[in-house]
Protein chains: 2
Amino acid sequence: MKSEHSVPTMKDVAKEAGVALGTVSKVVNGIPVGESYRLRVEEAIKKLNYQVNSYAQGLKASKTYTVALLIPNTEEPFFASLVYHINLALLRRKYRMLLCSTDFDSDQEQEYVTMAQQNKVDGIIGLTYNPHLQIEENTPFVAIDRSMGTKIPCVASDNFAGGQLAAEKLADLGCTNVAFLRIGSSLDNEPNKRKAGFENGCLSRGLSYEMKILNDGDAYEEFESFLSEHIQDGKLSFDGIFCVTDRLAYLIIKTLRKLNLRVPEDVQVIGFDGIRPFQGTEYICSTIVQPVPEIAEMCVNLLLQENLSSKPPLVCLPVTYAYGGTTREPDSLFIRIS
Amino acid sequence: MKSEHSVPTMKDVAKEAGVALGTVSKVVNGIPVGESYRLRVEEAIKKLNYQVNSYAQGLKASKTYTVALLIPNTEEPFFASLVYHINLALLRRKYRMLLCSTDFDSDQEQEYVTMAQQNKVDGIIGLTYNPHLQIEENTPFVAIDRSMGTKIPCVASDNFAGGQLAAEKLADLGCTNVAFLRIGSSLDNEPNKRKAGFENGCLSRGLSYEMKILNDGDAYEEFESFLSEHIQDGKLSFDGIFCVTDRLAYLIIKTLRKLNLRVPEDVQVIGFDGIRPFQGTEYICSTIVQPVPEIAEMCVNLLLQENLSSKPPLVCLPVTYAYGGTTREPDSLFIRIS
């Protein structure tokens, strides 16, 4: 027995959904349309089992339906999570993703930028602290966390608001004298705004604070000395610490324990990123959570939206606070207050 | 001023290195040659600044110099590490990597297999528990951890030896009554051999042991009941536990603490995988470490070696034990013995 179904076309989908052909095309290509249109088209695609043919599309529009992702590595959990959600966002739109994860190999990164300029990939999403990377202004590129030029959109968490939120949380949790610890790139970047936000939050809530700022390459041991210098009679002068990343918070908590200080009883610690040691487990510390799925969606949307007359230079997405065992629990706080 | 350098060719490299043209070709394409030949060719490539032109090669050999990686997700740390090292191994050979990380989306995974069959990618490296994936025998495919057919090579850690090593370590560390805890896929796979290896190790070292085996989808709480049932007068009857993954070990250690048991004082715990919470930090628990960089290299070598007359059906790579705070330290052990 042979089946004699004819293969459904985009026209069939338009007819089934009761929309214009252009609307179907937009939905298929991930270009935003009204929500009700999108739902009708998606329902029709499902009902007719319409298969988007990326290759045929590629030939017609000289598109590759391929996007490259530049990211330092996929072992560091925050990067691993970004890779996962960007990959999903692209696959949902029938785009393929080339991964270039090289711990800042300038030559490799530059090669992918050249591919984008030669239309061998449709565009690039890049998180890179490579100061040598050359990107022409008309290259389809969306940056994460660090601006790569005035014509290139940059997507990041609202890092300033996150720093502010950390200060406010520490104040809410009863802290009065807090510290900010930071180690990272000395290049201009969005995560650096966490410091300014934290200072702002401390000032508005009347917290006294100190800062210890190191650059990549500085010895971690300086944090240990800094903390040791602030211990008198076994007591740390800070009752709250905000660390610029969960990675740093993790190391600082180990150091505090080595110095016979209890977390969160003696000092509460808040990190930044929202890292879990394994998928679905609890946060590794109390933290300001970056909206990774939303960052991924925004990057892909900005990269693939061709009809956008002007792309926004900087998009900041909202962060949230999450309890992760290194601050006082809301319950225990209640008991302490009552 | 114009520079008049001529672009170096593969012939120039062969002349500079004093080797045959075919040897240069093999090195450029990642096909193994004698170590001294490889070093000479690489030195000549560096000296002449010879640029491998993947696109030109692609046209001549109808190759895409692109390999697809199928992997459940990149958020789970073991997968994130595999992605990183496979990406590096491919980029070193001037191959690009398409990432398909979809938590077992059958349709997406099948699409990449079809691409390989149509020569739209040169091959696939796949770690998948998708029981519906159809792979023809002649598809260039290298599997990780789970055999995908008799003609498809499978690369894995030596899981049997790893299980055995865990039992031997627990015996060395003074344990006499141990448990094996496992949750995972019920499909045939290499990691399942950890159980048999552990049993073998227990028998050869005279350890008494019990097993608790759950399948994906079973409630984790069954482990908690199992452990509770083995507590009498606040004391756990097991003095050592081997968990099938570091992920499970992490959850079990939390449960043990909830049950007022100290790790490693009351019970020592060994996991499997070699996970660190962040790059460069200590292991999350004492563990059997999988050789991820070596697994990545082996997968890429097997996939790209075209002249291999017969590909090995199963390659098992050696594992090692690493201390991670949840077993007695060698030092403390020494003190206890003396």
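Everything quoted here is computed from the prediction, not taken from an experiment.

## So, the relation of the copies chain B and chain A
Right, on to step 1. The two copies are related by a screw operation: chain B maps onto chain A through 180° of rotation and 0.1 Å of translation along the axis, at an RMSD of 0.2 Å. Accordingly, the operation relating the two chain copies is best matched by a two-fold axis. When C-alpha positions in chain B are compared against the rotation axis, the closest is assigned to Leu 98 of chain B, at 2.3 Å.
Right, on to step 2. By residue overlap, the copies meet face to face through one surface: 100% of the interface positions of chain B are interface positions in chain A.

## Re the environment of Tyr 84 of chain B
Right, on to step 1. Within the fold, Tyr 84 of chain B resides in helix α5 (residues 77–92).
Right, on to step 2. When the C-alpha atoms of Tyr 84 of chain B and Thr 74 of chain B are compared, they prove to be 9.4 Å apart, with 10 residues separating the residues in sequence.
Right, on to step 3. Contacts of Tyr 84 of chain B, omitting those with residues within four sequence positions, involve Pro 72, Asn 73, Thr 74, Glu 75, Ser 101 and Asp 103 of chain A together with Gln 279 of chain B.

## A few points about the sheet that holds strand β11 (residues 268–273) of chain A
Residues and elements named next belong to chain A.
Right, on to step 1. In spatial order, the strands read β7-β6-β10-β11-β12-β14; together these 6 strands make up an open sheet with mixed pairing. Both edges of this open sheet fall to β7 (208–215) and β14 (320–322), since each of them pairs with a single strand only. When the angles between neighbouring strand axes are averaged without regard to direction, this sheet yields 20°.
Right, on to step 2. In this sheet, strand β12 (residues 287–289) lies alongside β11 in parallel orientation, the contact comprising 3 bridges. Across the sheet, Gly 271 pairs through a bridge with Thr 287, a residue of β12.

## Considerations on helix α10 (residues 246–258) of chain A
Residues and elements named next belong to chain A.
Right, on to step 1. Compared with the 18 Å implied by 1.5 Å per residue over 13 residues, the 18 Å span of α10 between its first and last C-alpha is a close match.
Right, on to step 2. If you check which residues of α10 are buried, you get Asp 246, Leu 248, Ala 249, Tyr 250, Ile 252, Ile 253, Thr 255 and Leu 256.
Right, on to step 3. Asn 260 lies just past α10 and shows a positive phi near 60°.

## Focus on the domain arrangement of chain A
Right, on to step 1. If you check the domain split of chain A, you get domain 1 (10–52), domain 2 (66–157 + 294–303 + 306–317) and domain 3 (159–291 + 318–336).
Right, on to step 2. Each of domain 1 of chain A and domain 3 of chain A was reduced to a C-alpha centroid, and the two centroids are 48 Å apart.

## Quick word on the interface of chain B and chain A
When the parts of a complex come together, some accessible area is lost, and that lost area is often used as the size of the interface.
Right, on to step 1. Counting from both sides, the interface comprises 43 residues of chain B and, opposite them, 43 residues of chain A.
Right, on to step 2. For the chain B and chain A pair, buried surface summed over both sides reaches about 3,800 Å², with 55% attributable to carbon and sulfur atoms.
Right, on to step 3. At the surface where chain B touches chain A, the tally comes to 4 salt bridges.
Right, on to step 4. Glu 111 of chain B is the salt-bridge partner of Lys 94 of chain A, the closest N and O atoms lying 3.6 Å from each other.
Right, on to step 5. Linking chain B to chain A there are 28 residue pairs in polar contact (both at pLDDT 80 or more).
Right, on to step 6. Those elements that place two or more of their residues in the side of chain B that touches chain A are α5, β2 (96–100), α6 (106–117) and α10 (246–258) of chain B.

## Quick look at the environment of Asn 301 of chain A
Residues and elements named next belong to chain A.
Right, on to step 1. Positionally, Asn 301 belongs in helix α11 (residues 292–304).
Right, on to step 2. Judged by its relative accessible area of 22%, Asn 301 is partly exposed.
Right, on to step 3. Residues Asn 301 and Ala 116, spaced 185 residues apart in sequence, show a C-alpha to C-alpha distance of 17 Å.

## Remarks on the sheet that holds strand β1 (residues 66–70) of chain A
Right, on to step 1. Taken together, the 12 strands give an open sheet; going across it, the order is β13(A)-β5(A)-β4(A)-β3(A)-β1(A)-β2(A)-β2(B)-β1(B)-β3(B)-β4(B)-β5(B)-β13(B), and neighbouring strands pair in mixed fashion. The sheet is open, and its two edges are formed by β13 (314–317) of chain A together with β13 (314–317) of chain B, each paired on a single side. Direction aside, the axes of adjacent strands within the sheet are offset by 25° on average.
Right, on to step 2. As judged from the 2 bridges shared by strand β4 (residues 141–144) of chain B and strand β5 (residues 154–157) of chain B, these two strands associate in the parallel manner. What sits directly across from Ile 144 of chain B, in β5 of chain B, is Val 155 of chain B.
Right, on to step 3. Running at roughly 155° to β2 of chain B, α5 of chain B makes contact with β2 (96–100) of chain A together with β1 (66–70), β2, β3 (123–126) and β4 of chain B of the sheet.

## Section: the pairing of β1 of chain A
Residue and element names in this part refer to chain A.
Right, on to step 1. Of all the 5 residues making up β1, 5 are buried; the element is thus mostly covered by neighbouring parts of the structure.
Right, on to step 2. The alternating pattern of β1 places Thr 66, Ala 68 and Leu 70 on one face and Val 67 and Leu 69 on the opposite face, and all of these are buried.
Right, on to step 3. A crossover connection joins β1 to the parallel β2 through helix α5 (residues 77–92); in handedness this β-α-β unit is right-handed.
Right, on to step 4. As defined by bridge partners, β1 adjoins strand β3 (residues 123–126) across 4 bridges and the pair is classed as parallel. When the sheet's bridge partners are listed, Leu 69 is paired in β3 with Ile 125.

Definitions and limits used
Residues numbered from 1 in each chain as written. Chains lettered and ligands numbered in written order. Predicted model: local features only at pLDDT ≥ 70, side-chain atom pairs only at ≥ 80, totals over all residues. Heavy atoms only, no water. Least-squares fit on C-alpha atoms with pLDDT ≥ 70 in both. Contact = heavy atoms within 4.5 Å. Helix = DSSP H or I, 4+ residues; strand = E, 2+ residues; numbered from the N terminus. Pairing = 2+ DSSP bridges. Axes fitted to C-alpha atoms, helices over the stretch in contact; angles between N-to-C directions. Expected span 1.5 Å × (residues − 1). Buried < 20%, exposed > 50% of the residue type's maximum accessible area, 1.4 Å probe, protein only. Domains from an automatic or database assignment. Buried area = accessible area lost by both parts, 1.4 Å probe. Salt bridge = Lys/Arg side-chain N within 4 Å of Asp/Glu carboxyl O. Polar contact = N/O pair within 3.5 Å; in protein donor to acceptor, adjacent residues only side chain to side chain. Right-handed = clockwise from strand over helix to strand, strands pointing away.

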